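# Descriptive analysis of the structure
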Amino acid sequence: MRGVIFNLQRYCIHDGPGIRSVAFLAGCRLRCPWCCNPESREADWPDNREVAAEDLAAELAEDAPYFLKSGGGVTLSGGEPLLQPEFCAAVLERCRARGFTTAVETCGDVPAAAFAALDGLVDLYLYDLKHTDPARHRELTGGSLENVLANLRALAGRGQGLVLRLPLVPGMNLDAGHARSVVRLAGECGVARADLMPYHRLAEKKYAALGRGGMPAGDAWADPAAADDLEQFAAALRRGGLDVTIGG
Ligand code: SF4
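What you see is a predicted model; the values in this text were computed from it and never measured.

On to the environment of Glu80. In this structure, Glu80 sits in the loop between strand 4 (73–78) and helix 3 (85–97). In this structure Glu80 touches Leu25, Gly27, Cys28, Glu105, Thr106, Cys107, Gly108 and Val110, once residues within four positions along its chain are discounted. At 2.8 Å, the side chain of Glu80 and the backbone nitrogen of Leu82 are in polar contact.

Right, here's the structure in full:
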């Protein structure tokens, strides 16, 4: 079983418990304008490499002592890893066999069968939620909120860990209405934690390298979120019973 990745990062501490290695899988159907990994959407990105599942698992296992000591392990991210579900399953099976914890970060807008392919292989889902209004979600990302929510609700009953990841962009979703909707949804799905991911412009150079213009600039949401606004959003979630981290 082979798949395509575009990056591998070691010693990560914000993408699941303990010390982790994160493999970034190529491909994503969404087009979030704030995306900090725009190269993940490029089929011909020079850093893309095709790799066999057993080779990637072996490469990830080089940091086994750190994983085992810290309760850490391996996170599959992207891009959207669940566009390569059989490859994910083959990698995670091997990681599980070595005693590592496993996590997957997903945007959720994939066929339900992709989650089914990973049944029993994932300790923690980091589940991105971009917006809670279907029309706005479609307009901003090109994706279906209905599908994202259907997959989230289905996961909620399956027993693995589930954390909501909320990219927060001023003028787009950093507001009280979105916070209320997130609290409601988290209650419905039994989710206890949310990671706030404040918008930043660190990927600007990548956009320039892609030669397709910079990140969207302009009025309402070109600037990073103000600390006060983030704190207010976090406070609203905490009042709703969620455990909140800023930055994962
Ligand atoms: S889902 Fe993630 S990888 Fe895909 S476009 Fe949005 S931010 Fe980028």
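Residues Leu56, Leu76, Leu118, Tyr125, Leu164, Leu166 and Leu237 are the most contacted members of the largest nonpolar core, which totals 57 residues. Among the elements that line this core, the one with the most residues is helix 3, at seven residues. If we ignore the near neighbours within four places in the chain, the residues touching Leu118 are Leu82, Pro85, Cys88, Ala89, Leu92, Val104 and Tyr125. Core analysis: the second largest hydrophobic core is formed by nine residues, Leu30, Trp34, Leu140 and Val169 among them.

Let's shift gears to the pattern of salt bridges. Inspection of the entire model under this criterion finds 16 salt bridges. With a closest N to O distance of 3.4 Å, Asp128 and Lys130 form a salt bridge. Taken as a pair, Asp128 and Lys130 share a single burial class, namely buried. Salt bridges sharing partners connect three or more residues here, namely Asp15, Glu105, Arg165, Arg193 and Asp195.

Here the focus is helix 5 (residues 134–141). Of the positions making up helix 5, those classed as buried are His137, Leu140 and Thr141. Seen from one end, helix 5 has its buried residues packed into an arc of 75°, which puts them on one side. Residues of helix 5 that are exposed and angled more than 90 degrees away from the buried face: Ala135 and Glu139. Where helix 5 is buried, its residues touch helix 6 (145–156). Once helix 5 ends, the next one or two residues include Gly142, with phi positive near 85°.

What counts and what doesn't
Residues numbered from 1 in each chain as written. Predicted model: local features only at pLDDT ≥ 70, side-chain atom pairs only at ≥ 80, totals over all residues. Heavy atoms only, no water. Helix = DSSP H or I, 4+ residues; strand = E, 2+ residues; numbered from the N terminus. Contact = heavy atoms within 4.5 Å. Polar contact = N/O pair within 3.5 Å; in protein donor to acceptor, adjacent residues only side chain to side chain. Core = buried A, V, L, I, M, F, W, Y, C linked by side-chain atoms within 4.5 Å. Buried < 20%, exposed > 50% of the residue type's maximum accessible area, 1.4 Å probe, protein only. Salt bridge = Lys/Arg side-chain N within 4 Å of Asp/Glu carboxyl O. Arc of directions from axis to C-beta.

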